[in-house]
Amino acid sequence: MRLSGCSCFLGLLCAITVGCTSTDSPPEDMGPTFTLKMHQSTGENPFAQLAYECRECSFEQFAAIEPPSGWSKGPSQVILPEGELRSTPSLDGVPSSMDFVPDIPGEEFELIAKTLDGRVVEIGAHGLMVVVDVMRDTLFRFPAESRVHELTDPDENIFVLFAYEVETEDSDSPDFEAADALAGYPLPGDWLYSTRTLDEELFVESDEVTTVLSISGEIASVWQQR
């Protein structure tokens, strides 16, 4: 099972960068994919940070990590689409991997993305909602006849939900195939929510920089612009 992780800004912003399974045609009985990540602020701006993913970590191993100064843990999340991390970034002076779990040989956390910059969309009782630009090379595939959940911003850009927070591998999460899966979930006040069942498969791609909406409240979620 593949695991990856997420990001934080001022202790509130989470779940911006998400890794994916690298698979073309996963077996029908394959379980859900989860994401566990560590993040390091780069100091370039309040949003800029590096994202490192562990593919081997268990939820228990991840929970036991005490982040060093300058590092943070993102929330564990289930990934809705089938996905592929096609390549990893190579940045001058930045380690390509890090070691946080002594029980796993070698450096188990791999650099998969960098958040470049962003802007606050909304902040209040329901948490922090931000749009950020993320450097990563990913391909998400939503199969035909599956349901997608989308948000349209005031400029008519459409964002599709692809990651949702869970506490453990066995945590109950909404049935995302249900039309009311996100009933009561906090969304940006001036954005339009919609949901639909796909007539054909939907691909959401990022080969350089992608734009992502992160909602960080009681339950974190991530939406990618398509």
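Model, not experiment: these values are computed from the prediction.

Engineer: Would you mind going over the overall build of the chain with me for this structure?
Structural biologist: For the chain, the count of helices and strands is one helix and 16 strands. For the chain, the exposed area adds up to about 10,800 Å²; of that, 46% sits on carbon and sulfur atoms.

Engineer: Teacher, can you tell me more about the pattern of salt bridges here?
Structural biologist: Note that side chains of opposite charge can pair when their charged atoms are close. Applying the stated criterion across every chain yields a total of nine salt bridges. Between Asp-137 and Arg-86 there is a salt bridge, with its nearest N and O atoms 2.9 Å apart. On the criterion of sequence distance, the pair formed by Asp-137 in strand 10 (residues 137-142) and Arg-86 in strand 6 (residues 82-87) is long-range, its members being 51 residues apart. Overall, the relative accessible area of 14% leaves Asp-137 in the buried class. Exposure remark for Arg-86: the relative accessible area of 31% places this residue in the partly exposed category. Arg-196 is paired through a salt bridge with Glu-150; the nearest N and O atoms lie 2.9 Å apart. Of this pair, Arg-196 sits in strand 13 (residues 192-197) while Glu-150 sits in strand 11 (residues 147-152), and the two are 46 residues apart along the sequence.

Engineer: Help me understand the sheet that holds strand 14 (residues 202-206), please; the structure alone is not making it clear to me.
Structural biologist: Backbone hydrogen bonds hold the strands of a sheet together, and the pairing may be parallel or antiparallel. One open sheet accounts for three strands, arranged 6-10-14; its pairing is antiparallel. Edge positions in the sheet fall to strand 6 and strand 14, since each has one partner strand and no second. On average, adjacent strands in this sheet sit at an angle of 15° to one another, irrespective of strand direction. Bridging between strand 6 and strand 10 involves five bridges; their strand directions are antiparallel. Counted as the bridge partner of Glu-82 is Arg-141 from strand 10.

Engineer: When you look at the side chain of Thr-210 in this model, what are you seeing that I'm missing?
Structural biologist: Relative to the elements of secondary structure, Thr-210 occurs in strand 15 (residues 209-216). At 3.3 Å, the side chain of Thr-210 forms a polar contact with the side chain of Gln-224. Residues within four places of Thr-210 in sequence aside, it is in contact with Val-132, Asp-133, Val-134, Arg-136, Gln-224 and Gln-225.

Engineer: I keep staring at the confidence of the model for the chain and nothing clicks. Help me out?
Structural biologist: Detailed reading of the predicted coordinates is not advisable wherever pLDDT falls low. With 86% of its residues at a pLDDT of at least 70, the chain reaches an overall mean of 87. Between residues 21-30, whose pLDDT stays under 50, and residues either more than four places distant or in other chains, the model counts 10 contacts.

Engineer: Where do I start with the packing of aromatic side chains in this structure?
Structural biologist: Geometrically, a pair of aromatic rings is defined through the distance of the ring centres and the angle of the planes. With the rule as written, the count across this model stands at eight aromatic pairs. Pairing Phe-34 with Phe-59 gives two aromatic rings, centres 5.5 Å apart and planes at 85°, and the pair type is edge-to-face. Here Phe-34, found in strand 1 (residues 33-35), pairs with Phe-59, found in helix 1 (residues 59-64); they are 25 residues apart in sequence, far enough to count as distant. Considered together, Phe-34 and Phe-59 belong to a single accessibility category, that of buried residues. Geometrically, the ring pair formed by Tyr-164 and Phe-176 is edge-to-face, given 5.2 Å between the ring centres and 70° between the ring planes. Residue Tyr-164 is located in strand 12 (residues 158-165), and its partner Phe-176 is located in the loop between strand 12 and strand 13; the two are separated by 12 residues in the primary sequence. The exposure class of Tyr-164 is buried, given its relative accessible area of 6%. Aromatic ring contacts, followed pair by pair, group Tyr-52, Trp-71, Phe-100 and Phe-109 into a single cluster. Positioned above the aromatic ring of Phe-62, the side-chain terminus of Lys-73 is 5.3 Å from the ring centre.

Engineer: How should the state of the cysteines be read in this particular structure?
Structural biologist: Each disulfide is one covalent bond, formed between the sulfur atoms of two cysteines. Counting across every chain of the model gives one disulfide. Residue pairing for Cys-54: its cysteine sulfur links by disulfide to Cys-57, the two sulfurs lying 2.1 Å apart. Its S-S torsion of approximately 95° makes the covalent link between Cys-54 and Cys-57 right-handed.

Definitions and limits used
Residues numbered from 1 in each chain as written. Predicted model: local features only at pLDDT ≥ 70, side-chain atom pairs only at ≥ 80, totals over all residues. Heavy atoms only, no water. Helix = DSSP H or I, 4+ residues; strand = E, 2+ residues; numbered from the N terminus. Areas by Shrake-Rupley, 256 points an atom, 1.4 Å probe, with all protein chains shown as cover. Salt bridge = Lys/Arg side-chain N within 4 Å of Asp/Glu carboxyl O. Buried < 20%, exposed > 50% of the residue type's maximum accessible area, 1.4 Å probe, protein only. Pairing = 2+ DSSP bridges. Axes fitted to C-alpha atoms, helices over the stretch in contact; angles between N-to-C directions. Polar contact = N/O pair within 3.5 Å; in protein donor to acceptor, adjacent residues only side chain to side chain. Contact = heavy atoms within 4.5 Å. pLDDT = per-residue confidence, 0-100. Phe/Tyr/Trp six-rings, centres within 6.5 Å; stacked < 30°, edge-to-face > 60°. Lys NZ or Arg CZ within 6 Å of the ring centre and 35° of its normal. Disulfide = S-S within 2.5 Å.

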